[in-house]
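# Reading the structure
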Amino acid sequence: MGSQDIDIALEQEYKKCALERGRAYTPGGVKIGKGVADLVNTGAVLYTEEKARQGYPVTILPQESQGSRYEEDDSPYDPDSVVSYKIPESGEVSMNPKSCRGIAAARVFGTIEKHLKYTNLINALAMVNQKYGIAEEIGILYKTGKEYPACMSVAGYSEVNYFGAAPQVAAKKFGQYRSEGEEANAEERALAQADYKCQQESGVVRKAEDIFYSKAAQWFKEHESLIFEIRDIEAEAKERSIKIINGEL
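Here is a short report on the structure shown in this document.

## With respect to the overall build of the protein chain
- Check the secondary structure of the protein chain and you find 12 helices and 2 strands.
- Helices (α) and strands (β) of the protein chain occur, in sequence order from the N terminus, as α-α-β-β-α-α-α-α-α-α-α-α-α-α.
- In the protein chain, which comprises 249 residues, the share counted as buried stands at 42%.
- Contacts in the protein chain between residues far apart in sequence, at least 24 positions, make up 72% of those at least 6 positions apart.
- Carbon and sulfur atoms make up 50% of the accessible area of the protein chain, which totals about 13100 Å².

Written as structure tokens, this is what we have:
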């Protein structure tokens, strides 16, 4: 789960709404980009080579305005119009359809309810993760797996001696030195690209996902209809996102 096209379209629609309302716009805040592997070592998984070229979030300078981004987003609150969704195994989430977030969600997903179902599947899975002790088993894989650190050592990064250590190494080596959207320096990009290559060659993320799916098989069986619905929601949202990006919707 997770789509760059959906992320881009959400960001584009949020920006359009924010600027139309005369508010300051800070890029980089309306994203989904989540997958099962994010349940452990969030930020360590590099899903694409493009993501690797962008470096690590830990080297980006904090932005004072980022925390208030969504507090400024809401139009006058109307409890009767709020769209809510009950997350399986968890609590309830809601969204104001008149806010820029709500408008962007409806544009990309067709309805806000579809957006809430899609974006909050990861929260349901997090509860499953906790219920079955999956995080601990995946953590052992990340800490003790041999293929990934061996690959990083060959690439010249022996200090990255387990999966998940690369962002920490980047933070120690480079600190926070760049603004949101600014390109990472050559050294950081080289580390991240070696990291991506070794993730792919070692299969560490796929192995973690295999552990998750095998442990959570019963939950998936019980919620099979929801899983298929989420799959269809994602396919539709990707199609709408491409049209939005190309100016066709």
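## Remarks on helix α4 (residues 112–119)
- Of all the 8 residues making up α4, 6 are buried; the element is thus mostly covered by neighbouring parts of the structure.
- Residues Ile112, His115, Leu116, Lys117, Tyr118 and Thr119 constitute the buried set of α4.
- Check the buried side of α4 and you find it contacts α1 (4–20), β1 (83–86), β2 (92–95), α3 (100–109), α5 (121–131) and α12 (224–245).

## Quick look at the packing of aromatic side chains
- Evaluation of the coordinates by the stated rule reveals 8 aromatic pairs.
- Both rings, one in Phe109 and one in Tyr118, keep their centres 5.3 Å apart while their planes meet at 45 degrees; by these two values the pair is tilted.
- Given a relative accessible area of 1%, Phe109 falls into the buried group.
- According to the relative accessible area criterion, Tyr118 is buried, its value standing at 1%.
- With a centroid separation of 5.5 Å and 55 degrees between ring planes, the pair formed by Tyr213 and Phe220 is classed as tilted.
- For Tyr213, a relative accessible area of 41% puts it in the partly exposed group.
- Residue Phe220 is classed as buried on the basis of its relative accessible area of 16%.
- An aromatic cluster of at least three residues, connected via ring pairs, comprises Phe212, Tyr213, Trp219 and Phe220.
- One residue, Lys143, lies across the ring of Tyr162, its end atom 3.7 Å from the ring centre.

## Looking at the pairing of β1
- Here β1 pairs with β2 via 4 bridges, running antiparallel. Within β2, the position partnered with Lys86 by the bridge is Glu92.
- The antiparallel pairing of β1 with β2 creates a hairpin that spans 5 residues between the two strands, and Glu89 there sits at a positive phi of about 70 degrees.

## Things to note about the packing of α1 against α12
- Look at α1 against α12: their axes get within 8 Å of each other, and the N-to-C directions meet at 55 degrees. Looking at the two axes, α1 sits oblique to α12. The two elements α1 and α12 cross, and the hand of that crossing is left-handed. On the side of α1, the interface is formed by Asp5, Ile6, Ile8, Ala9, Gln12 and Glu13, while α12 contributes Glu234, Ala237, Lys238, Ser241, Ile242, Ile244 and Ile245.
- Partitioned by chemical class, the residues of the contact of α1 with α12 number 7 nonpolar, 2 polar and 4 charged.

## Examining the nonpolar core
- Counting 60 residues, the largest nonpolar core has Val108, Phe109, Tyr148, Met152, Val160, Phe163 and Leu191 as the members making the most contacts within it.
- No other element matches the 6 residues that α1 contributes to this core.

## Comments concerning the state of the cysteines
- As enumerated under the stated definition, the model contains 2 disulfides in all.
- Covalent S-S linkage joins Cys151 and Cys198, the inter-sulfur distance amounting to 2.1 Å. Looking down the S-S bond of the Cys151 and Cys198 bridge, the torsion is -80 degrees, so its handedness is left-handed. Here Cys198 lies in helix α9 (residues 186–202) and Cys151 lies in helix α7 (residues 147–154), a separation of 47 residues in the sequence.
- Here Cys151 falls in the buried class, since its relative accessible area comes to 13%.
- Judged by relative accessible area, which is 1%, Cys198 ranks as buried.

## Here's the deal with the environment of Tyr14
- Counting through the fold element by element, Tyr14 comes out in helix α1.
- On the basis of relative accessibility, which here comes to 3%, the residue Tyr14 falls in the buried class.
- For Tyr14 and Ile103, which are 89 residues apart along the polypeptide, the C-alpha to C-alpha distance reads 7.5 Å.

Rules of the game
- Residues numbered from 1 in each chain as written.
- Predicted model: local features only at pLDDT ≥ 70, side-chain atom pairs only at ≥ 80, totals over all residues.
- Heavy atoms only, no water.
- Helix = DSSP H or I, 4+ residues; strand = E, 2+ residues; numbered from the N terminus.
- Buried < 20%, exposed > 50% of the residue type's maximum accessible area, 1.4 Å probe, protein only.
- Contact = heavy atoms within 4.5 Å.
- Areas by Shrake-Rupley, 256 points an atom, 1.4 Å probe, with all protein chains shown as cover.
- Phe/Tyr/Trp six-rings, centres within 6.5 Å; stacked < 30°, edge-to-face > 60°.
- Lys NZ or Arg CZ within 6 Å of the ring centre and 35° of its normal.
- Pairing = 2+ DSSP bridges.
- Axes fitted to C-alpha atoms, helices over the stretch in contact; angles between N-to-C directions.
- Parallel < 35°, antiparallel > 145°, perpendicular 65-115°, else oblique.
- Left-handed = near helix turned anticlockwise from the far one by under 90°.
- Nonpolar A, V, L, I, M, F, W, Y, C, P; charged D, E, K, R; others polar.
- Core = buried A, V, L, I, M, F, W, Y, C linked by side-chain atoms within 4.5 Å.
- Disulfide = S-S within 2.5 Å.

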